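Chain residues, written in single-letter form:
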Amino acid sequence: MLMIGLTGGIGAGKSAVASRLAARGALLVDSDRLAREVVAAGTPGLAAVVAAFGDGVLGPDGELDRPALGARVFGDDAARRRLEAIVHPLVRERSVEMTAAAPPDAIVLNDVPLLAEVGLGPAYHLVVVVEADEATRVRRLVRDRGMPEPQARARIAAQAADAERRAVADVLLRNDATLDDLAARVDTLWDDRLVPYEENVRRGRVAEPGALVRPEDWPRVAARLGHVLGGEPRLVDGVIEVRGPGDELGPAGFPRMADGRHGSADPGRPATVVLIA
Ligand SMILES: CC(C)(COP(=O)(O)OP(=O)(O)OC[C@H]1O[C@@H](n2cnc3c(N)ncnc32)[C@H](O)[C@@H]1O)[C@@H](O)C(=O)NCCC(=O)NCCS
Ligand SMILES: Nc1ncnc2c1ncn2[C@@H]1O[C@H](COP(=O)(O)OP(=O)(O)OP(=O)(O)O)[C@@H](O)[C@H]1O
């Protein structure tokens, strides 16, 4: 199974990328959707939100009044954190359940608006970031979602800056041209990287045996290996040294090679890893 994290600022085009990848065969675990389900009418999640924010966030139909709650939390960091402390653990629980139910050859795409903010990058085999200029994003949100411009800007202010998202990006998709142009680049990503990466992981195959990690990839590869094995990987002449028994390395994207070392299964991110006692 390959776990892909997809993120981007509000209005950047995550949903557009997600629906294209889902059309190609990815199994979508959509955090925004789960965040709605866990506070649907009658759920314990909704009861917790009402206990924290009062009856004013309930509509006459017993559903959460999302615009009212949005107006309360975007612009008030403490209130937003209170809401996140209720919703995020419930979303995580559902995401884990959905992922566990996926078949072994699945490419699972987890659409997570706050992936960079909560430091989730190293939990994925690969992180895709969609990016568009702020002015473009605001224009799309006002035009297509009827979102008032101050609301769009308040949400952007509550999210990470582009630089923070770029720092966790294995793949950066700019989305300032047409949707067709975006779809074509998503198709290339699927065909040339995600499909072979998943197959390599499943078959325990290294993409480019002996290839060294690129300097620009090193911080993300180190974070991934640290997440999987614990400890702090070291870079020695381009080869990564890391402590641990290493049983988890193969499924995490670094299968064992014939010479006993490990290598990256990702065709777009080479690495050679040596386990030290
Ligand atoms: C405040 C709520 C009710 C507003 O609902 P609304 O229908 O207007 O927006 P929706 O949930 O569809 O989110 C749309 C976009 O807003 C942005 N956004 C949502 N929550 C947050 C947040 N906590 N911080 C920053 N941006 C956020 C994201 O880009 C998201 O894609 C809702 O966003 C919410 O419950 N947020 C808290 C849960 C959360 O953090 N969700 C995001 C991922 S799990
Ligand atoms: N390249 C594009 N050209 C024109 N419109 C676009 C383009 N990409 C996305 N859009 C439109 O902009 C809006 C925002 O895109 P999308 O819903 O994919 O963003 P998102 O990142 O998922 O936002 P959110 O954070 O709210 O989930 C949508 O209405 C979408 O159709």
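The structure we're discussing is the one just above.
Residue indices begin from 1 for each chain and proceed along its sequence in written order. For naming, the first written chain is A and the first written ligand is 1, with later ones following in the order written. This being a predicted model, a pLDDT of at least 70 is required before a residue's local features are given, and a value of 80 or more before pairs of side-chain atoms are given or counted; all residues contribute to the totals for chains, interfaces and linings. Excluding hydrogens and water, the side-chain values take into account all heavy atoms of the structure.

**Observations concerning the site of ligand 2**
Part 1 of the reasoning: Nearness is defined per residue: one heavy atom within 4 Å of the molecule or strand is enough. Within the structure, ligand 2 sits among 17 residues, and K14, S15, D144, R145 and N175 are positioned closest to it.
Part 2 of the reasoning: Distance and chemistry together define a polar contact, namely a pair of N or O atoms within 3.5 Å, with one atom able to donate a hydrogen and the other to accept it when in protein, and with adjacent residues in sequence counting only for side-chain atoms on both sides. D32 has a polar side-chain atom sitting 3.4 Å from an oxygen atom of ligand 2.
Part 3 of the reasoning: Breaking the shell around ligand 2 down by element, the ones donating at least two residues are α1 (14–24) and α6 (134–145).
Part 4 of the reasoning: Numbered from the N terminus, helices here are DSSP runs of H or I no shorter than four residues, and strands are runs of E no shorter than two. At 4 residues, α6 tops the list of elements feeding residues into the shell around ligand 2.

**Focus: the pattern of salt bridges**
Part 1 of the reasoning: What counts as a salt bridge is simple: a side-chain nitrogen of Lys or Arg found within 4 Å of a carboxyl oxygen of Asp or Glu. Scanning the entire structure with this criterion turns up 28 salt bridges.
Part 2 of the reasoning: A salt bridge links R269 to D170; the nearest nitrogen and oxygen atoms lie 2.9 Å apart. Here R269, found in the loop between β8 (262–263) and β9 (272–276), pairs with D170, found in the loop between α8 (162–167) and β5 (171–174); they are 99 residues apart in sequence, far enough to count as distant.
Part 3 of the reasoning: Residue classification places R269 among the buried residues on the basis of a relative accessible area of 3%.
Part 4 of the reasoning: For the exposure calls, accessible area comes from a 1.4 Å probe over protein chains only, and a residue counts as buried if that area is under 20% of its type's maximum, exposed if over 50%, partly exposed in between. Note on D170: relative accessible area 15%, which makes it buried.
Part 5 of the reasoning: One network of salt bridges, with partners in common, ties together D170, R214, E216, D217, R220 and R269.

**Thoughts on the site of ligand 1**
Part 1 of the reasoning: The environment of ligand 1 is formed by 19 residues, the closest being D32, R36, E84, H88 and R155.
Part 2 of the reasoning: One of the side-chain nitrogen or oxygen atoms of R36 is found 2.7 Å away from an oxygen atom of ligand 1.
Part 3 of the reasoning: Computed by Shrake-Rupley with a 1.4 Å probe, the accessible areas treat only the displayed protein chains as cover when residues are assessed. Taken by itself ligand 1 offers 760 Å² of open surface, and the protein chains cover 91% of this.
Part 4 of the reasoning: For the shell around ligand 1, the secondary-structure elements that each account for two or more residues are α2 (31–37), α4 (66–73) and α5 (77–100).
Part 5 of the reasoning: The leading source of residues in the shell around ligand 1 is α5, at 5 residues.
Part 6 of the reasoning: Residue composition of the shell around ligand 1, grouped by class: 9 nonpolar, 4 polar and 6 charged. Ten residue types, Ala, Val, Leu, Ile, Met, Phe, Trp, Tyr, Cys and Pro, are classed as nonpolar, four, Asp, Glu, Lys and Arg, as charged, and the remainder, Gly among them, as polar.

**A look at the sheet that holds strand β7 (residues 239–243)**
The pairing of strands in a sheet comes from backbone hydrogen bonds and takes either a parallel or an antiparallel form.
Part 1 of the reasoning: The 4 strands are arranged β6-β7-β9-β8 in an open sheet whose pairing can be described as mixed. Edge strands, defined here as strands with exactly one partner in the open sheet, are β6 (234–236) and β8.
Part 2 of the reasoning: Here the rule is simple: two strands pair whenever DSSP picks up at least two bridges between them. Bridge analysis of β7 against β9 gives 4 bridges, and the strand direction is parallel. Counterpart to V242 in the pairing with β9 is L275.

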